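What the coordinates show
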Amino acid sequence: MRVLTRVLVLMMVAALAAVLSGCACAREVLIDRPSRMDPQPEEQTSERTDEPAAGESVVALDTSNNLGIRAGGTAPTFTLDRSAALETLTTYHFIDGGGPAPGTLGLTAADGSTYGPWQAYGMDGQGGVANAFWRVEPDVTLPAGTYTVIDSDPSTWSTNDTAAGVGFTTVTVVYE
C-alpha cells in the first residue's frame with residue numbers, strides 16, 4: 001500500500017510540475033490517463049426527464065406536514081397532465097381521543113365530473129390514534145385534468161397554517 005501511495009504522490013507531483021511549467025504533456029497526465037485507482041466511467045444512459053414512467057407510482061398531491069394541527073381543512077386541488085389510475089387517496093383526521101369514524105372521499109374534476117364518493121377505511125395515526133387516516137384505494141382511471149378532493153367531514157379534516165388551511169391529503173397515482 002505504501003508503494004502505491006508513493007507512486008500516486010509522485011504522479012501527482014509530476015503532473016503539477018508539468019502544469020506549472022506549461023508543459024503540453026500536462027493534459028495527458030492529468031486528463032487522458034486515468035490511474036488504476038480511478039473508477040471506471042459509468043455507462044451513458046438517456047437523459048432522465050421529470051416525466052414518470054408508465055406503471056410508476058407517483059405522489060400527485062401531498063399537503064401534509066408534521067407541525068401542530070387544527071381541524072377544519074379546506075379541499076385541495078391537484079392536476080394530472082395525462083391520464084392515470086388513482087392508486088390511493090388519503091386524508092388526515094386527528095382529534096384528541098381518536099379520529100372520527102371514517103367517512104367518504106371523492107374527487108370532482110374541473111369539468112364537473114365526479115369520481116366517488118368511496119367509503120374510506122381507517123388507519124392508525126401518531127400514538128396509535130384510531131382512524132386518524134382515512135384511505136380509499138379505488139380502481140378508477142382519471143383523465144388529464146384538475147381535481148378537487150371531497151371529504152365527507154371537513155370539520156375534522158386536519159390542517160395548519162403551513163398548509164394554508166388546506167386539509168392534509170395525499171394522492172398517489174400510476175401513470176399509464
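The model shown is predicted, which means the values in this text are computed figures rather than measured ones.

A short note on the overall build of the protein chain
- Assigned secondary structure in the protein chain consists of two helices and twelve strands.
- Element order for the protein chain, N to C, with α for helix and β for strand: α-α-β-β-β-β-β-β-β-β-β-β-β-β.
- Looking at the protein chain as a whole, 31% of its 176 residues qualify as buried.
- For the protein chain, the proportion of contacts with a sequence separation of at least 24, taken over those separated by at least 6, is 73%.

Regarding unusual backbone geometry
- In the segment running from glycine 116 into proline 117, the intervening peptide bond is cis, with an omega of 5°.
- Assignment of secondary structure puts proline 117 in strand E6 (residues 114-119).
- Although it is not a glycine, asparagine 131 sits at a positive phi angle of roughly 60°.
- If you trace the backbone, asparagine 131 turns up in the loop between strand E7 (121-123) and strand E8 (133-136).
- The backbone of alanine 164 sits at a positive phi, close to 55°, despite the residue not being glycine.
- Exposure remark for alanine 164: the relative accessible area of 67% places this residue in the exposed category.

Comments concerning the sheet that holds strand E10 (residues 145-151)
- Taken together, four strands build an open sheet; the order of strands is E3-E10-E5-E6 and the sheet is antiparallel. The open sheet has two edge strands with one neighbour each: strand E3 (77-80) and E6. Here the average twist between neighbouring strands, direction ignored, is 20°.
- Two strands pair when backbone bridges link them, and E3 and E10 are joined in this way by four bridges, in the antiparallel orientation. Directly across from threonine 79, in E10, lies its bridge partner threonine 146.

Thresholds applied
- Residues numbered from 1 in each chain as written.
- Predicted model: local features only at pLDDT ≥ 70, side-chain atom pairs only at ≥ 80, totals over all residues.
- Heavy atoms only, no water.
- Helix = DSSP H or I, 4+ residues; strand = E, 2+ residues; numbered from the N terminus.
- Buried < 20%, exposed > 50% of the residue type's maximum accessible area, 1.4 Å probe, protein only.
- Contact = heavy atoms within 4.5 Å.
- Pairing = 2+ DSSP bridges.
- Axes fitted to C-alpha atoms, helices over the stretch in contact; angles between N-to-C directions.

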